[in-house]
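Below, each chain spelled out in residue letters.
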Amino acid sequence: MEKALEVLVRARESIKPAYPTPEHLRNFKLSLMDQITFPAYVSTIFLYKADGNVKADQISQCLKSSLSKTLTKFYPLAGRVKDDFSIECNDEGAEYVEALANGFLFEYLQKPDQNLLRDFHPFNYAESPVASNGGPMMRIQATFFKCGGLAITVCTCHKLIDGVSLGIFVNSWTTTARAGNKEVVPRFVASTIFPASESFMPLPLHISPVQANRFVFDTKKIDRLRAEVSSASVPRPSRVEALTALIWKCAGVASRSNLGYSRPSLSAHAINVRAVAEPPLPDNSVGNSVAYLMAQASEKEIETLQDLVCSLRKAKAEFRRNGLKTLLENKSIFDIPESIKDKFEKDEIDFYTFSSIVNFPYYEVADFGWGKPVHLTFPNYLVSNLIMLMDTNDGKGIEVLVTLSPEDMAFFERDQELLAFATTNPSVLGYTNTSKL
């Protein structure tokens, strides 16, 4: 494991909304999906090259003033979770930390190991990511490298914010910082479509020792993989379907190699339900609007990539028919198949969670005025069997962040079928101007 870069905290303060939240908005109602979601912080780190025209103090002041203005529109993020049904929008503010890193940005970019960034968080995220009662909904740290490069860590409480909501917030924040003409205004309407319930089933959070690794797939390798996984049933698999099948299969092989026997395998795939809700939620709807479709693989034999892609397509079709209805009826975000529910509850299956932000313009919306990020990452130090897919910063390939148990990862990262398509944690410097790193 790489040693974390040393970080010195210079200042810590609370950033309050520029204008007080009106009285009639101070009791924010959570939706059913907000209730279900575990109140952990989700961390996103944006990394920027140095801009010789802007000093660190100017950058920090810009971040704080624009954050204050943005929180006026995103007022629940300046409040505190009150109970299972509401957020008290009391304007206590978001935590903001300014820090200095005893190192250079290129030290991370040449080998993007998340362990280097463990101290780039405004609290001990690597050991306790859970948002405590009364804690900030949003915690931010701006860390300046020796070279003038910058890392902005945004930790948002998952009790309100999903991946799309984070993108909407960052877009609004950066637009405000640049004094852009097109204002980004959130809509808080999820609770009207997914009303809260007394009998909701909270999403479980299992914390365990993990090892993360990053795998990059270029366009040519992805096209070749798509051709190999195509079949009469699914003649044109998507890039995400092809990569998901490959990762799922190789993770299952690693589990078998580690345990010495096969287990049933179930994969959960995050789906943005804004467009499929009835009525549909607006694109700028902020709040948890994610459901999970379930795809199952047999324990009796190693399924082919084509089989796994077919399982994914079947799961998608089933979800379109009644997935959202089932979620609202059961008040649970996971609809575990009856055939393996008993084994799932006894932790006797391989269970993987996939999330994709491919084609979501995180790099484009995260420009505060000193350029787009050269890289971004989603650190995960505690939750195993979690897979995140995202675009590379040039938009031409796909990065996959895989987090498994250390024992499974030892087999997974040596899988020859995986390595025929993936490059293991390559340097970002190959497609980045390094003059200011």
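Before reading on, note that the structure itself is shown above.
Quick caveat: nothing in here was measured; it's all calculated off a predicted structure.

The rules behind these values
- Residues numbered from 1 in each chain as written.
- Predicted model: local features only at pLDDT ≥ 70, side-chain atom pairs only at ≥ 80, totals over all residues.
- Heavy atoms only, no water.
- Helix = DSSP H or I, 4+ residues; strand = E, 2+ residues; numbered from the N terminus.
- Buried < 20%, exposed > 50% of the residue type's maximum accessible area, 1.4 Å probe, protein only.
- Core = buried A, V, L, I, M, F, W, Y, C linked by side-chain atoms within 4.5 Å.
- Contact = heavy atoms within 4.5 Å.
- Pairing = 2+ DSSP bridges.
- Axes fitted to C-alpha atoms, helices over the stretch in contact; angles between N-to-C directions.

Q: I tried to follow unusual backbone geometry on my own but got confused; where do I start?
A: Apart from glycine, the bulk of residues carry a negative phi angle, and the bulk of peptide bonds sit in the trans form. The peptide bond linking Glu-278 to Pro-279 adopts the cis configuration, its omega dihedral lying at -5°. When you line up the elements, Pro-279 lands in the loop between β10 (265-272) and β11 (290-297). Non-glycine residue Asp-91 carries a positive phi angle of around 60°. Its place among the elements puts Asp-91 in the loop between β5 (86-88) and β6 (94-101). Its relative accessible area of 10% is what places Asp-91 among the buried residues. We note that Asn-385 has phi near 60°; this positive angle belongs to a residue other than glycine.

Q: Hey, could you run me through the nonpolar core in this one?
A: Side chains of a nonpolar character, in soluble globular proteins, are inclined to be buried together. In this structure, Leu-63, Leu-77, Ile-152, Trp-173 and Trp-370 are the most contacted members of the largest nonpolar core, which totals 72 residues. Examining the composition of this core, we find that 7 residues originate from one element, helix α4 (residues 163-177), more than from any other. With sequence-adjacent residues up to four places away left out, Leu-77 is seen in contact with Leu-71, Gly-93, Met-137, Met-138, Leu-160, Ile-161 and Phe-169.

Q: Where do I start with the sheet that holds strand β13 (residues 375-377) in this structure?
A: Hydrogen bonds along the backbone pair up the strands of a sheet, which may run parallel or antiparallel. A sheet is described by the order of its strands in space; here 6 strands give the open sequence β1-β6-β7-β8-β3-β13, paired in mixed fashion. The open sheet is flanked by β1 (7-15) and β13, the only strands paired with a single partner. With direction set aside, neighbouring strand axes in the sheet form an average angle of 15°. With 6 bridges connecting them, β6 and strand β7 (residues 138-144) associate as parallel partners. Within β7, the position partnered with Glu-95 by the bridge is Arg-139.

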